[in-house]
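Notes for the structure review
These are the residues of each chain, in order.
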Amino acid sequence: RWSLPMAMSISHRGTGVALSLAVSLFSVGALLLPEPFPHYLAQVRALSLGPALVCSAKFLLALPFCYHTWNGIRHLV
């Protein structure tokens, strides 16, 4: 039977793995891509994405980081 601490523990491990993979892929991409980072940032800005989509993407990027951080602090306390 599932309990809340069990689900939080699994989620904590999952977000940790996801964050590690994201940082690793971003680092490898930064090393291997031929253009500097501002070039790719300008390409994303040129897409003219709506503010709702940009805010949603930022939220989805920040959510695993915040959850993992606060759950780790909760665990240490």
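Structure's up top.
Residues numbered from 1 in each chain as written. Predicted model: local features only at pLDDT ≥ 70, side-chain atom pairs only at ≥ 80, totals over all residues. Heavy atoms only, no water.

1. Points about the side chain of threonine 15
Within the fold, threonine 15 resides in helix H1 (residues 4–32). Looking at threonine 15, its side chain comes within polar contact range of the main-chain oxygen of histidine 12, at 3.0 Å. The contacts of threonine 15, once residues within four sequence positions are left out, are Pro64, Tyr67 and His68. (Helix = DSSP H or I, 4+ residues; strand = E, 2+ residues; numbered from the N terminus. Polar contact = N/O pair within 3.5 Å; in protein donor to acceptor, adjacent residues only side chain to side chain. Contact = heavy atoms within 4.5 Å.)

2. Observations regarding the layout of surface pockets
There is about 410 Å³ of room inside the largest pocket. Along its surface, the largest pocket is lined by 13 residues, and Phe37, Leu41, Val44, Ala57 and Leu61 are the ones closest to its centre. Mapped by element, the contributors of at least two residues to the lining of the largest pocket are helix H2 (37–46) and helix H3 (51–76). Of the residues in the lining of the largest pocket, the class split is ten nonpolar, one polar and two charged. What the second largest pocket holds in volume is close to 150 Å³. Around the second largest pocket, the lining residues are Leu25, Phe26, Gly29, Ala30, Leu33, Glu35, Pro36, Phe37 and Tyr40. (1 Å grid on protein atoms, 1.4 Å probe; cavity = no way out; pocket = protein on both sides within 12 Å on 5 of 7 lines; lining within 4 Å. Points joined across faces, edges and corners; volume = space filled by probe spheres on them. Nonpolar A, V, L, I, M, F, W, Y, C, P; charged D, E, K, R; others polar.)

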